[in-house]
Amino acid sequence: MHDGIVLDKVALKLGTVDFHFDCRIEPGAITAVAGPSGAGKSTLLNLVAGFERPQSGRIFIAGHEQTASHPSERPVSVVFQDHNLFAHLDIFTNVALGISPSMKLSSADKDRIEIALTRVGLAGFGKRMPGSLSGGEKQRAAFARALLRNKPVLLLDEPFASLDADLRLQMSDLLIELHRETANTIVMVSHDQAEIQRLADHILLMERGRIA
C-alpha cells in the first residue's frame, strides 16, 4: 500500500466545473500543486482534507482509505492563506488547539507550545491577541499550531502569499527545516515559480480540473 496520498479516479462537480483527479503523491516529499486560477488546486487540497467529498472514486492517506471520513479523523493538518486564528483567543490558546481542542494541557504540553512558538520566531507572544499581530506573525502562529498537531500530512494553501519577500524566504526555510525533522508528506499550492523550485521535490500541474 502507498503511504503517501492516492486519489483513485476521484470525480467531483462544483457548479459547472468537473474535476477529475487520478494521481499518487509521494510520501515524505514536498509536492507543489501549480496551475492557473480555477484549475482545481484548492479543490484537490479540500478533497484530501475532507472539506469536499468526491462523487465517485476513492481517497487513501498514509495507507488507509479516508474517502468518507470526517476532516477531524484524517491524519492531516492544513495551513490556509488566511491562517484561521480565533480572534477572541490569545496566541498561546490558538496554538494549543493544535494539541487539544478541549484545552486539557499537561505541563509537558505547555512546554511544547512554548517551544513551537520559539521555533517560529514568536517567543513571548503567547498572551498577545491575533488582532495585534502582523500578517506574517499570524501565519507563523498557524504554522506553530500545525507543527504541534504533528500529523503525517501537511497541506498548505498558498501559505506565504500575503507575506513580503523576506518573510516568504524565512518561512520557506522554516518549512524545509521542519520537513527535514518530521519527514512528513507536504502538499503545497503555490503560484510562485521561485518558491516551487526552492521547496518542491515534485510538481503536480493542474489544468481545467485535471492533472496535466
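Residues numbered from 1 in each chain as written. Predicted model: local features only at pLDDT ≥ 70, side-chain atom pairs only at ≥ 80, totals over all residues. Heavy atoms only, no water.

### Here's the deal with the confidence of the model for the protein chain
Considering every residue of the protein chain, the mean pLDDT works out to 88; 99% of them sit at 70 or more. At the low end of the mean pLDDT range in the protein chain sits helix α5 (residues 165–182), at 84; at the high end sits strand β4 (residues 56–61), at 95. (pLDDT = per-residue confidence, 0-100. Helix = DSSP H or I, 4+ residues; strand = E, 2+ residues; numbered from the N terminus.)

### Comments concerning the pairing of strand β9 (residues 202–207)
Pairing of strand β3 (residues 30–34) with β9, which is carried by four bridges, proceeds in the parallel orientation. In the strand pairing of β9, Thr31 is matched with His202. In terms of strand pairing, β9 meets strand β10 (residues 210–211) through two bridges, oriented antiparallel. In the sheet register, Met206 faces β10, and the bridge partner there is Ile211. (Pairing = 2+ DSSP bridges.)

### A closer look at the nonpolar core
Core analysis: the largest hydrophobic core is formed by 33 residues, its most contacted members being Val95, Ile113, Phe143, Leu156 and Leu175. At the level of secondary structure, the elements contributing two or more residues to this core comprise α2 (91–96), α3 (107–119), α4 (135–149), β7 (153–157), α5 and β8 (185–189). Counting 24 residues, the second largest nonpolar core, distinct from the first, contains Leu7, Cys23, Leu44 and Leu204. (Core = buried A, V, L, I, M, F, W, Y, C linked by side-chain atoms within 4.5 Å. Buried < 20%, exposed > 50% of the residue type's maximum accessible area, 1.4 Å probe, protein only.)

### Details of the packing of α3 against α4
Close contact between α3 and α4 brings their axes to 9 Å; oriented N to C, the two are set at 135°. Between α3 and α4, the angle falls in the class oblique. Both α3 and α4 take part in a crossing whose hand is right-handed. Across from Arg112, Ile113, Ala116 and Arg119 in α3, the residues of α4 making contact are Ala144, Leu147 and Leu148. Taken together, the residues of the contact of α3 with α4 sort by class into five nonpolar, no polar and two charged. (Axes fitted to C-alpha atoms, helices over the stretch in contact; angles between N-to-C directions. Parallel < 35°, antiparallel > 145°, perpendicular 65-115°, else oblique. Left-handed = near helix turned anticlockwise from the far one by under 90°. Contact = heavy atoms within 4.5 Å. Nonpolar A, V, L, I, M, F, W, Y, C, P; charged D, E, K, R; others polar.)

### Focus: α5
Here α5 spans 26 Å end to end across 18 residues, near enough to the 26 Å set by a 1.5 Å rise per residue. Restricting attention to buried positions, one finds in α5 the residues Leu167, Arg168, Met171, Ser172, Leu174, Leu175, Leu178 and His179. Looking down the long axis of α5, one finds its buried residues gathered within 165° of arc, a one-sided arrangement. Counted as exposed and oriented over 90 degrees from the buried face of α5: Ala165, Asp166, Arg180 and Glu181. On its buried face, α5 sits against β3, α3, α4, β7, β8 and α6 (193–199). Of the residues one or two after α5, Ala183 is the one with positive phi, at around 50°. (Expected span 1.5 Å × (residues − 1). Arc of directions from axis to C-beta.)

### Examining the environment of Arg74
Assignment of secondary structure puts Arg74 in the loop between β5 (64–65) and β6 (76–79). Looking at Arg74, the relative accessible area reads 0%, which means it is buried. In this structure the C-alpha to C-alpha distance between Arg74 and His64, which are ten residues apart in sequence, comes to 9.6 Å. Those residues in contact with Arg74 that sit more than four places away from it in its chain are Leu47, Val48, Ala49, Gly50, Arg53, Ile61, Gln66, Thr67, Ala68, Ser69 and Lys151. Among the polar contacts made by the side chain of Arg74, one reaches the main-chain carbonyl oxygen of Leu47 at a distance of 3.0 Å. Among the polar contacts listed, one links the side chain of Arg74 to the backbone oxygen of Thr67, at a separation of 3.3 Å. (Polar contact = N/O pair within 3.5 Å; in protein donor to acceptor, adjacent residues only side chain to side chain.)

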